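# Understanding the architecture of this molecule
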Amino acid sequence: MPSSYVVERKAAGIYALTAEERQQEEDVRWALHDPNVLANYVGEFVVPVDRRIVAHGQDIESVLTEAARLTGRNPERLPICGIDDPLLDLPH
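Heads up: these notes are all about the structure in this document. (Residues numbered from 1 in each chain as written. Predicted model: local features only at pLDDT ≥ 70, side-chain atom pairs only at ≥ 80, totals over all residues. Heavy atoms only, no water.)

## Focus on the sheet that holds strand β2 (residues 52–57)
Taken together, the three strands give an open sheet; going across it, the order is β2-β1-β3, and neighbouring strands pair in antiparallel fashion. Lying at the two open borders of the sheet, with one neighbouring strand each, are β2 and β3 (81–82). Of the strand pairs in this sheet, strand β1 (residues 45–49) and β2 are connected by five bridges, and their pairing is antiparallel. Note on β2: the bridge partner recorded for F45 is G57. Taken strand by strand, helix α1 (residues 19–33) contacts β1, β2 and β3, and its axis lies near 130° from that of β1. (Pairing = 2+ DSSP bridges. Helix = DSSP H or I, 4+ residues; strand = E, 2+ residues; numbered from the N terminus. Contact = heavy atoms within 4.5 Å. Axes fitted to C-alpha atoms, helices over the stretch in contact; angles between N-to-C directions.)

## What about the pattern of salt bridges?
Scanning the entire structure with this criterion turns up three salt bridges. With a closest N to O distance of 3.0 Å, R77 and E20 form a salt bridge. Of the two residues, R77 is situated in the loop between α3 (60–71) and β3 and E20 in helix α1; the sequence distance between them amounts to 57 residues. With a relative accessible area of 40%, R77 lands in the partly exposed category. E25 is paired through a salt bridge with R29; the nearest N and O atoms lie 3.4 Å apart. With a gap of four residues between them, E25 and R29 both fall in helix α1, about one helical turn apart. We classify E25 as partly exposed; its relative accessible area is 40%. (Salt bridge = Lys/Arg side-chain N within 4 Å of Asp/Glu carboxyl O. Buried < 20%, exposed > 50% of the residue type's maximum accessible area, 1.4 Å probe, protein only.)

Okay, here's the thing in structure tokens:
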């Protein structure tokens, strides 16, 4: 019988972001802070690409499908974020 049942795991690797991943991160950050996006897409999911919203709506699958159709990109590789209503975050 082994002395320990704890299995050693391989440490998670750290890697530099690709140029595409950096651009996606910047696009999401822009979408979550841009006053026009926040005012026009409250309560919706948005797909930001190159600092513009290419698809939006309340159904995440439909939004990704539309964004993939419009951009020609794989929906699994598209950034998506939700635009929260700031009034919903107020304490009651």
